[in-house]
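# Structural overview for review
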Amino acid sequence: MPRAAFLRRCPGLLSLDESAAGYAAVTVSYSRPKDAATDRSRVNRCGGIEVIIPNLNWRYSGGTATNQAIAPRLARMMGLAWLGANRPNGVMRLTFGDLMRVYARRTPPVVWHARRNIEMAVGLLLKFLGWPLVLIFTSAGQRRKTITTRWLIDRMDAVIAPSAASASFLHRPAVVVPHGVDLVRYPPAADRAADWAASGLPGRYGIGCFGRVRPQKGTDLFVTAMCRLLPRYPDFTAVVIGETTWEQRAFAARLKAQAAAAGLSDRILFLGVLPAEEVPRWFARISIYAFTSRNEGFGLTLLEAMAAGVALVAARAGAAEIVVVDGATGLLVPPGDVDALASALESLMRDPATAAGMGGGARARADAEFSIDAEVARIVEVYRAVRSGGHP
C-alpha cells in the first residue's frame, strides 16, 4: 500500500505491546506546540532532528522515568524530539507534520530509541514505509524474552542494556550503559528530621517503599515486615508510594487489611500515585528505603534513594548488587525472603545513627559512580556510532 494511502486509512499505528498483554493504538499528535523558541524553530524545521524518543505507554513506568530524565540532557547535545505522553520540559513534541518532514528529508538517518515492544514495532513499521530510521532498543528486563520480543530485537540496529545481568538475558550482543540519577533533582535533606516532621505523619523517622503496588515489587513483603517491626519501634512510620493498577486492586486491599488487622493503619500509609515533582521530597524525608522487588530490570528507585542520602535495604534483584555496597551504603538481602528483610530493616531501625551514616555513603557513591550525565554521554556515543553506520 502506498505510504500516503496507509496514513489516510490508519491515523494511528497498531502493534503488539507485550507488557500490556494485548494491543494498543498509538496516535501521532496533531497539536501545535508552543515551547522554547518554538523548540529551536522546530529543530530547524525538522532537518535537525537526530533522535526520536518514543514514549508510547500511557502508564508512568520506569521506562518513562528514564526517558524523562535523559531526554532534556540529550536535547542539549543533539536535535531531539519526543513522540507520545509525559513529555518533559525542554524537549520538542513530535507532531504529525514533523514526522512527515523527517520522511521527506530521507537522510541522514534519525535514531529511534525504543524501550518497549510497541516502540520497536512502530519503529520497524515506519522504517519499512520509508522513514530514514536507525533503531535502538534498551532492554532492562532480567527475564527470558518471548518469541515476539526476540523477533523484534533481532531487527534492531543496536541494543543497550543497563547492566551485565540484563545483557545476559539477550540472545545478541548489547552495549552496557548503567543508569544514572539526577543528583540535583534528588538532593539530601538539609534537616531530615524537620522534613519528616513537616509531613505531618506520626513518629520521628520514615521508611519508604516506592513503586507500583504489586507482588513483583514485593510490596507484600514490606507490609509484612512492617507489621512485625513497627509495634516495637514507635518512632517509625512506613510509607508506600506508587500506583495500584486495576488488576492489583484486590492485592492492595489485602495489604491494607493486613495493616488494619495489626492496628497499624495510621503507621503503614498508602499514598498512591503522587505528582512526579513531589517524589524527591519524600525521598528526602525518609531515613530508610526498602527495595523489595522479587525481580527487576534495574531499579531506578535505588539510585534515587542513594542520591537523596537514604540508607538502603535492598533485595538482590535488578542492579542492587552493583549499586549497593553491602554494609557501607546499605544492606542486601535475598529476594522474596521476608525474614531477612525484617532483620536487616530492624538493624537500622534500632540504630538510626548507623542508618544516617549509610545514607551519607550512599549519596557519595551516587555522586561518584552513577551520574546521569555519564549515562547520557555514553548513550550519545552509541547514537553517533549507529548513525554513522558503525558498531557502538
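Residues numbered from 1 in each chain as written. Predicted model: local features only at pLDDT ≥ 70, side-chain atom pairs only at ≥ 80, totals over all residues. Heavy atoms only, no water.

With that settled, consider the overall build of the chain. From N to C terminus, the chain includes 16 helices and 15 strands. Counting every position in the chain, which comprises 392 residues, the buried fraction comes to 54%. In the chain, of all internal contacts separated by at least 6 residues, the share reaching a separation of at least 24 is 68%. Here the chain displays about 16700 Å² of accessible surface, and carbon together with sulfur accounts for 54% of that area. (Helix = DSSP H or I, 4+ residues; strand = E, 2+ residues; numbered from the N terminus. Buried < 20%, exposed > 50% of the residue type's maximum accessible area, 1.4 Å probe, protein only. Contact = heavy atoms within 4.5 Å. Areas by Shrake-Rupley, 256 points an atom, 1.4 Å probe, with all protein chains shown as cover.)

With that settled, consider the confidence of the model for the chain. Looking at the chain, pLDDT values average 88 and 88% of them are 70 or higher. Below a pLDDT of 50 lies the segment residues 1-34, which in the model reaches 61 contacts outside its immediate sequence neighbourhood of four places, other chains included. (pLDDT = per-residue confidence, 0-100.)

Quick look at the nonpolar core now. Formed by 38 residues in total, the largest nonpolar core has its most connected members in Met 226, Ile 268, Ile 288, Leu 345 and Met 349. In this view, Ile 268 contacts Val 223, Met 226, Cys 227, Leu 230, Ala 238 and Ala 259; residues no more than four positions away in its chain are not counted. Judged by nonpolar contacts, the second largest core, of 37 residues, contains Leu 183, Val 323, Val 324 and Ala 362. (Core = buried A, V, L, I, M, F, W, Y, C linked by side-chain atoms within 4.5 Å.)

Structurally, the position occupied by Gly 357 is in helix α15 (residues 352-369). Residue classification places Gly 357 among the partly exposed residues on the basis of a relative accessible area of 48%. Residues Gly 357 and Gly 330 lie 27 residues apart in sequence; the distance between their C-alpha atoms is 9.7 Å.

Let us look at the packing of helix α9 (residues 219-229) against helix α10 (residues 249-261). Closest axis-to-axis distance for the α9/α10 pair is 10 Å, and the angle between their directions is 5°. Relative to α10, the element α9 lies roughly parallel. Contacts from Thr 219, Asp 220, Val 223, Thr 224 and Cys 227 of α9 reach α10 at Phe 251, Leu 255, Gln 258 and Ala 259. In terms of residue class, the contact of α9 with α10 is made up of five nonpolar, three polar and one charged. (Axes fitted to C-alpha atoms, helices over the stretch in contact; angles between N-to-C directions. Parallel < 35°, antiparallel > 145°, perpendicular 65-115°, else oblique. Nonpolar A, V, L, I, M, F, W, Y, C, P; charged D, E, K, R; others polar.)

Attention shifts here to unusual backbone geometry. Note: most peptide bonds trans; most residues except glycine with negative phi. Of note, the phi angle at Asn 86 is positive, near 60°, even though the residue is not glycine. A residue is classified by how much of its surface remains accessible, and Asn 86, at 31% relative accessible area, is partly exposed.

Remark: the centre distance and the inter-plane angle together describe each pair of aromatic rings, the angle taken between the planes. The full count for this structure, using the stated rule, is six aromatic pairs. For the ring pair Phe 210 and Tyr 289, a centre distance of 5.5 Å and an interplane angle of 70° mean the geometry is edge-to-face. A residue pair is termed long-range when its members are at least 10 positions apart, and Phe 210 in strand β10 (residues 205-210) and Tyr 289 in strand β13 (residues 288-291) qualify at 79 residues. Classification of Phe 210 by relative accessible area gives buried; the value is 9%. Three or more aromatic residues joined by ring pairs make a cluster, and in this case those are Tyr 186, Phe 210, Phe 283 and Tyr 289. (Phe/Tyr/Trp six-rings, centres within 6.5 Å; stacked < 30°, edge-to-face > 60°.)

Spatially, six strands are ordered β12-β11-β10-β13-β14-β15 in an open sheet, and the strand pairing comes out parallel. Either end of the sheet is taken by a strand with one partner, and the two such strands are β12 (268-272) and β15 (330-333). The sheet shows a mean angle of 20° between the axes of neighbouring strands, direction not considered. As paired strands, β10 and strand β11 (residues 236-241) are joined by six bridges and run parallel to one another. Considered in β11, the bridge of Gly 208 is made with Val 239. Where α9 meets the sheet, it contacts β10, β11, β12 and β13, and its direction lies at approximately 165° from that of β11. (Pairing = 2+ DSSP bridges.)

Turning next to the pairing of strand β8 (residues 158-161). The two faces of β8 match: Ala 158 and Ile 160 on one face and Val 159 and Ala 161 on the other face are all buried. In terms of strand pairing, strand β7 (residues 133-138) meets β8 through three bridges, oriented parallel. Bridged to Ile 136 within β8 is Ala 158. Between β7 and its parallel partner β8, the chain crosses via helix α6 (residues 147-154), and the hand of that crossover is right-handed. For β8 and strand β9 (residues 175-176), the ladder comprises two bridges, and the chain directions are parallel. If you follow Ile 160 over to β9, its bridge partner there is Val 175. (Right-handed = clockwise from strand over helix to strand, strands pointing away.)

Turning to the sheet that holds strand β3 (residues 51-55), a few remarks are in order. Pairing in this open sheet of seven strands is parallel, and the strands run β5-β4-β3-β6-β7-β8-β9 from one edge to the other. With one partner strand each, in any of the chains shown, β5 (92-93) and β9 form the two edges of the open sheet. Here β3 runs beside strand β4 (residues 80-84); their pairing, made up of five bridges, is parallel. Note on β4: the bridge partner recorded for Pro 54 is Leu 83. Against the sheet, helix α16 (residues 372-387) touches β3, β6 (110-114), β7, β8 and β9, its axis set at about 145° to β7.

Turning our eyes to something else, we now look at the pattern of salt bridges. In total, this model carries 15 salt bridges according to the counting rule given. A salt bridge links Arg 73 to Asp 182, with the shortest nitrogen-to-oxygen separation between them at 3.1 Å. Placement of Arg 73 in helix α3 (residues 62-75) and of Asp 182 in the loop between β9 and α8 (192-198) is noted, with a sequence separation of 109 residues between them. Across the pair, exposure class does not vary: Arg 73 and Asp 182 are buried alike. Asp 235 is the salt-bridge partner of Arg 204, the closest N and O atoms lying 3.6 Å from each other. With Arg 204 in the loop between α8 and β10 and Asp 235 in the loop between α9 and β11, this residue pair connects regions lying 31 residues apart in the sequence. Linked by salt bridges that have partners in common, Arg 73, Asp 182 and Asp 373 make up one network. (Salt bridge = Lys/Arg side-chain N within 4 Å of Asp/Glu carboxyl O.)

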